Amino acid sequence: WQQQQQEKLRLQEEQRKRMQEEQNRRQEEEMQRKREADEKMRLEQVAILGVRKVIQKLQVATLKSLDEVKGELDQVLAQELWKTGSHADQLKNEAVQQTERAKQRIEYEEEQKRVAEERRKEFERIRAEEAEARTKFLEELSGLTDALDKNARALKDMLTPALEKDASLATAERAIAAGEGEVGTSAKAACKACTDLMVANKSAVEALRMSSETKADMIGLQERIHTGFVNVFLTGSKVQKKASAMKRMNKRCETFDNYAGAKGITKSSIAKYAKGEQGFELSADVVAKISAQLGDKNGSIPKEHYQQLKICVGVAREEEASRKRVEERKKRMAELEEEKKALQAELDKFLEKMGELDAEVTKTLESSTGLQGKITAEEPPSDSDLADEVEDLQDVFNSLKEKIGNICQEVSKLIQGADATLQPLARLEGSKVELKGRLFTSKLSQVTFALLMVAEFRAKQAAKELEKLQASSVELIKKHMAAKELNMEDLFKAADKDEDGSLSKSEFVTFVKGLDGCETEDSKLESLFARIGGESMSKESFLRLITVRMKVTKETLLTSDFSLSTKESRTLRRLLEGEFVEVQVGPTKDEKDLTRIKCCAVKDGLVGWATVVGNTGAAFLEACEEEKKPAEAAAEPTPAAAEAEAATHAAPQKTEADKEGTSQE
């Protein structure tokens, strides 16, 4: 037994060792496969990185290096692409795409370079042309400036003697004449030529002033041109001003000599001078005052005080004018005060007139309120009584509106015609009248509302009267149909005397007046005709007027014949609860005392006979009070119809007519 146990243990130990060795072998194989896979992945990544590194070079490749990079890419693809495994197609596509993009980018960059080079050349050409034009302009301006200097100096030499202190008027006039001669004309023409050239070439002037090479030359030319302008125009202006001053002085001396004696203007000549030269008569007091202020011991005014004499006379004249203006202003103020009183009186009168209307407006409001109360009462007055009251109220209302409008219009005219100085007062006082008018107008709007309410009430009453008249007329026509046993076609033929397919007003009135029991006035029937048909009434309108529509209140049958007992009578279909039919003939009682009508089902247009009331008093149809299009009956039968249908299948087979006759009996 011990040997067996030892052998068993030995075998177990050997089996354990074999299993351990097998497990170690498998682990070693698994690790070897993993190392191989990792190595393969590493080699793929190295190859991918190598390929993409060359692909990235395409992004910065130039026109010269593009072929070299493409060759390098082809070489690395041939050497490394097979090592990239599943990424080979993706890398190949990337290489193709990047190559195409590099070509497009390089073409775009080369095009931009070409365009930039063309622009640079064009810019240099323009700059060269502008520089040449500026040089030409500078030369031309320089030549014109030389001509201006020459002519301006010549003109200044001719004008300078006239500016000397002891120069006479004749010298100044000769200088002015010389300035307007050939030399002056040439100098002015040279000034204009320089100015026109600089204005026409403003950009060239600015460019020359900005350039360090030509700045000094350009500024120098402008200074010379300015000096020429001064010599030509300013010097000539000075000569002309001096000549004008000398002329005024000579005229002043001449005027003084006309009124002066040997020692000057005497006291008696001062008044003559004021009257003759300034058109103003001096009073004796003013003459004495001027003589005392400006004259010598004898009262005579010397030539050196002549200017002060002119000033004194002018002051005296202005003082007199001021005094007259004050008097005119006082007179005007007095006139305005009178106009103001008159204006105030007129406005007060209009305000008083407006106040007199207050009682009338209040009374009118009370009348309108009473009229509103009448139409809302339980028993409103008749239309004729209302018409009289409305007419009276409307007349009073229109009269008040006219009076208020006239007063406001007169006030507006008064304000517009008032003096400009009184306009603020007129508008202020007039606004009181206008405010009163607006207040009355606002109150009268309640009357307008009341009149509208009454008009609406009368229109509704008239519509109700016409509805009653229509209902009574239709009732008479139906009684006539039943008495004469007429159908719709025969009834219309009886009314259409001229057989033109429509009823005129006279035909309609004659037909209705001829019915038994009709006592309606012709004018009311004419109003009814106008309400229904207008100018003429078509056949459809007439038939629609007298068409009776009934509603199925309990399921019944639509049969082909009037009597349910005849063999020829057959059931067309069931009339379901809620359906509508239009009566064509009847109602008439049959031999079983059933009230029957010939009708047309609105749902499908089927025409047949139906029972209105059974012989036990059960109602199957009822008249519709309102003329309206009913909704189609429901497709599903009602519970009562379902029960009747079930009973039909369960009971012995009978005709539909027998079943309805039994039910109605």
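All figures in this text were calculated on a predicted structure; none of them were measured in a lab.

Things to note about the overall build of the chain
- Of regular secondary structure, the chain possesses 18 helices and 9 strands.
- Rg of the C-alpha trace for the chain: 63 Å, well past the compact-globule value of 26 Å for 665 residues, more than 25% over.
- Each principal axis of the C-alpha atoms in the chain carries an extent, and together these give about 165 × 145 × 70 Å.
- Burial status across the chain gives 30% buried among its 665 residues.
- Taking contacts inside the chain between residues at least 6 apart in sequence as the whole, the part at least 24 apart equals 66%.
- Total accessible area on the chain stands at roughly 43000 Å², and carbon and sulfur atoms take up 52% of it.
- Treating the 110 positive side-chain charges of the chain as one cloud and the 124 negative ones as another, the clouds have centres 10 Å apart.

A short note on the pattern of salt bridges
- Scanning all chains against the criterion turns up 41 salt bridges.
- One salt bridge in this structure joins Arg120 and Glu117, with 2.2 Å as the shortest N-O distance. Highlighted residues: Arg120 and Glu117, both in helix 3 (residues 88–159), separated by 3 residues, approximately one helical turn.
- Using a relative accessible area of 36% as the deciding quantity, one classes Arg120 as partly exposed.
- The network of salt bridges with common partners includes Glu22, Arg25, Arg26 and Glu29.

Considerations on the pairing of strand 6 (residues 580–589)
- Across 4 bridges, strand 3 (residues 548–552) lies against strand 6 in antiparallel orientation. Bridge pairing links Arg549 to Glu582 in strand 6.
- Examined bridge by bridge, strand 6 and strand 7 (residues 595–601) share 6 bridges and lie antiparallel to one another. Bridging from a neighbouring strand, Val585 pairs with Lys598 of strand 7.

Some thoughts on helix 7 (residues 215–259)
- Here helix 7 spans 65 Å end to end across 45 residues, near enough to the 66 Å set by a 1.5 Å rise per residue.
- The largest bend along helix 7 reaches roughly 25 degrees and is located at Val230.

A closer look at the packing of helix 12 (residues 423–484) against helix 15 (residues 522–532)
- It is the contact of helix 12 with helix 15, at a shortest axis distance of 10 Å, that shows an interaxial angle of 95 degrees. Considered as vectors, helix 12 and helix 15 are oriented roughly perpendicular to each other. Note on element contacts: helix 15 touches helix 12 through Lys524, Leu525, Ser527, Leu528, Arg531 and Ile532, opposite Leu466, Glu467, Leu469, Gln470 and Ser473.
- Classifying every residue of the contact of helix 12 with helix 15 by side-chain character gives 5 nonpolar, 3 polar and 3 charged.

Some points on the pairing of strand 8 (residues 607–613)
- For strand 8, the tally of buried residues reaches 5 of 7 residues, placing the bulk of the element in the interior.
- Sheet topology note: the strand 7/strand 8 ladder contains 6 bridges and is antiparallel. Residue pairing for strand 8: Cys599 is matched across the bridge by Gly608.
- As consecutive antiparallel partners, strand 7 and strand 8 are separated by 5 residues, and within that stretch Gly605 has a phi angle of approximately 75 degrees, a positive value.

A short note on the environment of Gly578
- Counting through the fold element by element, Gly578 comes out in the loop between strand 5 (571–575) and strand 6.
- With a relative accessible area of 24%, Gly578 lands in the partly exposed category.

Comments concerning the packing of helix 8 (residues 267–278) against helix 9 (residues 284–294)
- Axis separation between helix 8 and helix 9 bottoms out at 9 Å; the angle between their running directions is 115 degrees. The element helix 8 and its partner helix 9 pack so that their crossing is right-handed. In this structure, helix 8 contributes Lys267, Ile270 and Ala271 to the contact, and helix 9 contributes Val287, Ala288, Ile290 and Ser291.
- Class assignment for the residues of the contact of helix 8 with helix 9 results in 5 nonpolar, 1 polar and 1 charged.

As for the side chain of Ser291
- Its location among the elements puts Ser291 in helix 9.
- Setting aside residues no more than four positions away along its own chain, Ser291 makes contact with Lys267, Ile270 and Gly299.

Description of the environment of Pro587
- Its place among the elements puts Pro587 in strand 6.
- Residues Pro587 and Ala610 lie 23 residues apart in sequence; the distance between their C-alpha atoms is 9.6 Å.
- Sequence-distant contacts of Pro587, that is, excluding residues within four places in its chain, are made with Thr595, Arg596 and Ile597.

As for the confidence of the model for the chain
- On average, residues of the chain carry a pLDDT of 81, and 93% of them reach 70 or more.
- Note on residues 626–665: pLDDT is under 50 here. Beyond four places in sequence and across chains, it has 46 contacts.

Description of a negative patch on the surface
- On the surface, a cluster of negative charge is made up of Asp385, Asp388, Glu391, Asp392 and Asp395.
- Looking at the secondary structure, you find Asp388 in helix 11 (residues 383–417).

A short note on the side chain of Gln423
- Secondary-structure assignment places Gln423 in helix 12.
- Setting aside residues up to four positions removed in sequence, Gln423 forms contacts with Ile415, Gln416 and Ala418.

Quick word on the packing of aromatic side chains
- Applying the stated criterion to the full structure yields 3 aromatic pairs.
- Each ring, one from Tyr259 and one from Tyr273, has its centre 5.7 Å from the other, and the planes form 85 degrees; the classification is edge-to-face. Linking Tyr259 in helix 7 with Tyr273 in helix 8, this pair joins segments that are 14 residues apart in sequence.
- Owing to a relative accessible area of 18%, Tyr259 belongs among the buried residues under this scheme.

Criteria and cut-off values
Residues numbered from 1 in each chain as written. Predicted model: local features only at pLDDT ≥ 70, side-chain atom pairs only at ≥ 80, totals over all residues. Heavy atoms only, no water. Helix = DSSP H or I, 4+ residues; strand = E, 2+ residues; numbered from the N terminus. Rg over C-alpha atoms; globule rule 2.2 N^0.38 Å. Buried < 20%, exposed > 50% of the residue type's maximum accessible area, 1.4 Å probe, protein only. Contact = heavy atoms within 4.5 Å. Areas by Shrake-Rupley, 256 points an atom, 1.4 Å probe, with all protein chains shown as cover. Lys, Arg positive; Asp, Glu negative; His and termini not counted. Charge placed at Lys NZ, Arg CZ, Asp CG, Glu CD. Salt bridge = Lys/Arg side-chain N within 4 Å of Asp/Glu carboxyl O. Pairing = 2+ DSSP bridges. Expected span 1.5 Å × (residues − 1). Bend = angle between axes of the 7 residues up to and from the residue. Axes fitted to C-alpha atoms, helices over the stretch in contact; angles between N-to-C directions. Parallel < 35°, antiparallel > 145°, perpendicular 65-115°, else oblique. Nonpolar A, V, L, I, M, F, W, Y, C, P; charged D, E, K, R; others polar. Left-handed = near helix turned anticlockwise from the far one by under 90°. pLDDT = per-residue confidence, 0-100. Patch = residues over 30% accessible without salt bridge, like charges linked within 9 Å, V, L, I, M, F, W, Y side chains within 5 Å. Phe/Tyr/Trp six-rings, centres within 6.5 Å; stacked < 30°, edge-to-face > 60°.

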